[in-house]
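# Examining the three-dimensional arrangement
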2 protein chains.
Amino acid sequence: MHICMDWRSVKFDWNRARAFLVTAEEGSLSAAARALGQAQPTLGRQVSALEDELGLALFERNRRGLTLTPAGLDLLEHVRRMGDAATRVSLAAAGQSQQIEGDICLTASDIYAAYLLPPIIARIRRAHPGIRVEIRATNDLADLRRREADIAIRNTRPEDPALIARKLRDDTARLYATPGYLATLPTPLTEETLKQAKFVGWDHGPTYREQLAHIGLHLEAENFPLITADHVVQWQLVKQGLAIGIVPSALGDSDPSVQRVLPDMPPITFPIWLASHRDLATSRRIRTVFDLLAESLSHA
Amino acid sequence: MHICMDWRSVKFDWNRARAFLVTAEEGSLSAAARALGQAQPTLGRQVSALEDELGLALFERNRRGLTLTPAGLDLLEHVRRMGDAATRVSLAAAGQSQQIEGDICLTASDIYAAYLLPPIIARIRRAHPGIRVEIRATNDLADLRRREADIAIRNTRPEDPALIARKLRDDTARLYATPGYLATLPTPLTEETLKQAKFVGWDHGPTYREQLAHIGLHLEAENFPLITADHVVQWQLVKQGLAIGIVPSALGDSDPSVQRVLPDMPPITFPIWLASHRDLATSRRIRTVFDLLAESLSHA
DNA sequence: GCCAGTCCATGCAAATATGCATAACAGAGA
DNA sequence: TCTCTGTTATGCATATTTGCATGGACTGGC
């Protein structure tokens, strides 16, 4: 420790710096307020107070919002570093926490979150009522480095070395449709006649078709009149009898309103991975949930 | 900007992190409160609140003070990074400031601060009444990187590349004593007979004697019955007629109560440097004071 | 041209944090 | 042993900050 360290440079209100950071990153006071769970006037006043404190205009106030001044832009760079350090503080703190009680945030693809996770969440809640679980259902990979979630369930191998990951098992998905829809197709149904059927697709690109080509189904763009990146919507469309869709076997088989298309066709297989930030692994709560998830998910 | 960045990891109260940092660095809540200009209960409550927020014990509360827990120690490391970033924010902000009004902190050796600086400060205040000047009189080099001061007057060449430095001129110091004291010495006074005189020294080490050896005066430890690192005290001892001391020529010559010892002896010379942090050079206020100091100090 | 949706600024009441005064306690030194 | 200086904790009155409910201004779509 320094003999007589003075904290002149550290005396300014750090929360105001945070307000500035989030406002600048989010682009508006209102958005920042939403992100931070505070009121918009609060953020506005905090930013103004910071400007007064530093004697510096950080934003230019237009009618239509705020734009950073050059000074603000320069400062933002430094405040970002502060934010990064804050993230690491938070990570380390969560990792140190040995309490079972507290919040935990899981992320999974929408369909896993909707149909696979709920019974497991119930089990977690039963075992540890002190844990509050937040579920982030999204198909883009949440950034665990930035702590957008504590634990992620993914279907690809996480490559980030900052993460610890465990492969649980391989899951399978198959083609499903309602009997009503299948009746509209030519019989007998083969991989060849299936080319006249309609499918629900992921996206407009070719990746989905390539996936299907893997299991011997060569389709064209015309086969995909319905496109949605949301798997739950996909599943509901299939249940409505509008098209054939790829659905996780566990979900498809458990619903009597649909049946497998070409039951003898090999399924699509994909891995189930569980991932968490390395620094969080020391947290008792996160460890507990991680293990419970692993245990629950690994046997199909 | 990320599509839907969430600020979960940034939501915790940053001021509490600051409270923790300063408390840990200063060693006690009271010291931290003093350093931060807040009340001790405030710091205590902020730290407690942080502990609650993180669900983590950071300090062990003894009756006699606080000691970091292992978790606190681990966290401190990360919070330090936040503090460093905060320092840089402050530096950048100060550098961006184009206001003349505001605070500025100078540092100089005690004797320069006491006898050289005041008239120059008066000049600064006359020219720019909006500037408030704080003077940090200390003989250890203030750390400009940590912004313990904005501008430093030093007698050695600043080597830190983060600083901008300007050599103003060489200053001289000579041996002074009161006529009364000199009368007690053998006559005629020569470099040889001077070996029987007493001197005021800096420290117990040999550096002071080496300085004197440079100008042809070879003395022993016995010549230094008075030791003080404080030059102002040194000067007062000389004026009391207790011993011979090295005093900046400007100061010694201006005081009729003392006179040069061996007037023909070459003076000790040392440079006067002005230094400031590179990031601060863009500040109009600091630039202004820097230039004023340079102008005032460069002609003897 | 109007309407819905977005943004920021301001007034005011309620919640929150702060500072002061004080208590209780531990060690150093006379 | 007693004082003196240092620490942290607590009660309470006061400042400060916050959130809610507005108002005003702009954009884009119909």
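The rules behind each value
- Residues numbered from 1 in each chain as written.
- Chains lettered and ligands numbered in written order.
- Predicted model: local features only at pLDDT ≥ 70, side-chain atom pairs only at ≥ 80, totals over all residues.
- Heavy atoms only, no water.
- Domains from an automatic or database assignment.
- Contact = heavy atoms within 4.5 Å.
- Buried area = accessible area lost by both parts, 1.4 Å probe.
- Polar contact = N/O pair within 3.5 Å; in protein donor to acceptor, adjacent residues only side chain to side chain.
- Nonpolar A, V, L, I, M, F, W, Y, C, P; charged D, E, K, R; others polar.
- Buried < 20%, exposed > 50% of the residue type's maximum accessible area, 1.4 Å probe, protein only.
- Helix = DSSP H or I, 4+ residues; strand = E, 2+ residues; numbered from the N terminus.
- Pairing = 2+ DSSP bridges.
- Near = heavy atom within 4 Å.
- Salt bridge = Lys/Arg side-chain N within 4 Å of Asp/Glu carboxyl O.
- Axes fitted to C-alpha atoms, helices over the stretch in contact; angles between N-to-C directions.
- Parallel < 35°, antiparallel > 145°, perpendicular 65-115°, else oblique.
- Phe/Tyr/Trp six-rings, centres within 6.5 Å; stacked < 30°, edge-to-face > 60°.
- Least-squares fit on C-alpha atoms with pLDDT ≥ 70 in both.
- Left-handed = near helix turned anticlockwise from the far one by under 90°.

### What to know about the domain arrangement of chain A
Residues and elements named next belong to chain A.
- Here chain A is described as being made up of domain 1 (8–96), domain 2 (102–169 + 271–298) and domain 3 (171–268).
- With centres defined by C-alpha atoms, the gap from domain 1 to domain 2 works out at 30 Å.
- Taken together, the contact between domain 1 and domain 2 spans 7 residues of the former and 8 residues of the latter.
- Counting the surface domain 1 buries against domain 2, the share from its top three residues, Leu91, Ala94 and Gly95, is 72%.
- One can count 4 residue pairs in polar contact (both at pLDDT 80 or more) joining domain 1 with domain 2.
- A breakdown of the residues in the side of domain 1 that touches domain 2 according to their chemical character gives 2 nonpolar, 4 polar and 1 charged.

### Notes on the pairing of strand S9 (residues 245–248) of chain A
Residue and element names in this part refer to chain A.
- Where burial is concerned, the two faces of S9 agree: the one with Gly245 and Val247 and the one with Ile246 and Pro248 are both buried.
- Bridge analysis of strand S6 (residues 163–177) against S9 gives 4 bridges, and the strand direction is antiparallel. Counterpart to Tyr176 in the pairing with S9 is Gly245.

### Some details on the protein's contact with DNA strand C
- The full set close to DNA strand C counts 19 residues, and Leu29 and Ser30 of chain A together with Thr42, Arg45 and Gln46 of chain B are the nearest of them.
- Of everything in DNA strand C that lies within 4 Å of the protein, sugar and phosphate atoms constitute 67%.
- The separation between a phosphate oxygen of DNA strand C and a polar side-chain atom of Ser30 of chain A is 2.5 Å.
- With respect to DNA strand C, the side chain of Thr42 of chain B contributes an N or O atom lying 2.5 Å from a phosphate oxygen.

### Section: the environment of Ser9 of chain B
- Mapped onto the secondary structure, Ser9 of chain B falls in the segment before helix H1 (14–26).
- Ser9 of chain B sits 26 residues away from Ala35 of chain B along the chain, and the two C-alpha atoms are 28 Å apart.
- If sequence neighbours within four positions are ignored, Ser9 of chain B has contacts with Ala86, Thr87, Ser90, Arg146 and Arg147 of chain A.

### Regarding the interface of chain B and chain A
- At the junction of the two partners, chain B supplies 51 residues and chain A supplies 52 residues.
- Where chain B abuts chain A, roughly 5,100 Å² becomes buried across the two surfaces, and 61% of that area is made up of carbon and sulfur atoms.
- Together, Trp7, Arg8 and Trp14 of chain B form the three largest contributors to the area buried by chain B at its contact with chain A, with a combined 15%.
- Across the chain B-chain A interface, the total number found is 0 salt bridges.
- At the boundary of chain B with chain A, the tally comes to 11 residue pairs in polar contact (both at pLDDT 80 or more).
- Of all the secondary structure elements, the ones that give two or more residues to the side of chain B that touches chain A are H1, helix H2 (29–36), helix H4 (70–96) and strand S4 (131–137) of chain B.
- Sorting elements by how many residues they give to the side of chain B that touches chain A places H4 of chain B first, with 17 residues.
- Partitioning the side of chain B that touches chain A into residue classes produces 24 nonpolar, 11 polar and 16 charged.

### Considering unusual backbone geometry
- Look at the link from Thr187 of chain A to Pro188 of chain A: it is a cis peptide, with omega at -10°.
- For Pro188 of chain A, the position within the fold is in the loop between helix H6 (179–182) and strand S7 (200–201).
- At Arg147 of chain A, a position not held by glycine, the phi torsion is positive, near 60°.
- Relative to the helices and strands, Arg147 of chain A is located in the loop between strand S4 (131–137) and strand S5 (151–154).
- Positive phi outside glycine occurs at Leu262 of chain B, with the angle close to 50°.

### Description of the packing of helix H4 (residues 70–96) of chain A against H4 of chain B
- The N-to-C vectors of H4 of chain A and H4 of chain B enclose an angle of 175°; their axes lie 9 Å apart at closest approach. The pairing of H4 of chain A with H4 of chain B is recorded here as roughly antiparallel in orientation.
- Its residues placed into classes, the contact of H4 of chain A with H4 of chain B shows 18 nonpolar, 4 polar and 6 charged.

### Section: the packing of aromatic side chains
All names here are of chain A.
- Counting across every chain of the model gives 4 aromatic pairs over all chains.
- Their ring planes at 45° and their centres at 5.9 Å tell us that Phe199 and Phe224 sit as a pair that is tilted. With a gap of 25 residues between them, Phe199 in the loop between H6 and S7 and Phe224 in the loop between helix H7 (207–214) and strand S8 (226–227) connect regions that are remote in the sequence.

### Quick word on the side chain of Ser90 of chain A
- If you trace the backbone, Ser90 of chain A turns up in helix H4.
- For Ser90 of chain A, a relative accessible area of 7% gives the class buried.
- Each residue touching Ser90 of chain A, except ones within four places of it in the same chain, is listed here: Arg147 of chain A together with Ser9 and Phe12 of chain B.

### Structural notes on the relation of the copies chain B and chain A
- For the match of chain B to chain A, the screw axis carries a shift of 0.2 Å, the RMSD comes to 0.2 Å, and the turn is 179°. The symmetry that links the two subunits is that of a two-fold axis.

### Some details on the pattern of salt bridges
All names here are of chain A.
- All chains considered together, the criterion is met by 32 salt bridges over all chains.
- Of the charged contacts in the structure, one is a salt bridge between Asp103 and Arg132, with a shortest N-O distance of 2.7 Å. In this pair, Asp103 is assigned in strand S3 (residues 102–108) and Arg132 in strand S4, connecting sequence segments 29 residues apart.
- Asp255 is paired through a salt bridge with Lys239; the nearest N and O atoms lie 3.0 Å apart. Within this pair, whereas Asp255 is found in the loop between helix H9 (249–254) and strand S10 (259–260), its partner Lys239 is found in helix H8 (residues 231–239), the two being separated by 16 residues in sequence.
- Relative accessible area serves as the criterion here: at 14%, Asp255 is assigned to the buried category.

### Some points on the packing of helix H1 (residues 14–26) of chain A against H1 of chain B
- Put simply, H1 of chain A and H1 of chain B touch, their axes get as near as 7 Å, and they point 140° apart. Looking at the two axes, H1 of chain A sits oblique to H1 of chain B. Handedness of the H1 of chain A/H1 of chain B crossing: right-handed. Taken together, the residues of H1 of chain B that come into contact with H1 of chain A (itself represented by Trp14, Asn15, Ala17, Arg18 and Leu21 of chain A) are Trp14, Asn15, Ala17, Arg18 and Leu21 of chain B.
- Residues that form the contact of H1 of chain A with H1 of chain B fall into these classes: 6 nonpolar, 2 polar and 2 charged.

### Some remarks on the environment of Asp74 of chain A
- Mapped onto the elements of the fold, Asp74 of chain A is located in helix H4.
- The partly exposed category is assigned to Asp74 of chain A, whose relative accessible area is 29%.
- On a C-alpha basis, the gap between Asp74 of chain A and Gly55 of chain A in space is 15 Å, while along the polypeptide they are 19 residues apart.
- Residues within four places of Asp74 of chain A in sequence aside, it is in contact with Ala92 and Gln96 of chain B.

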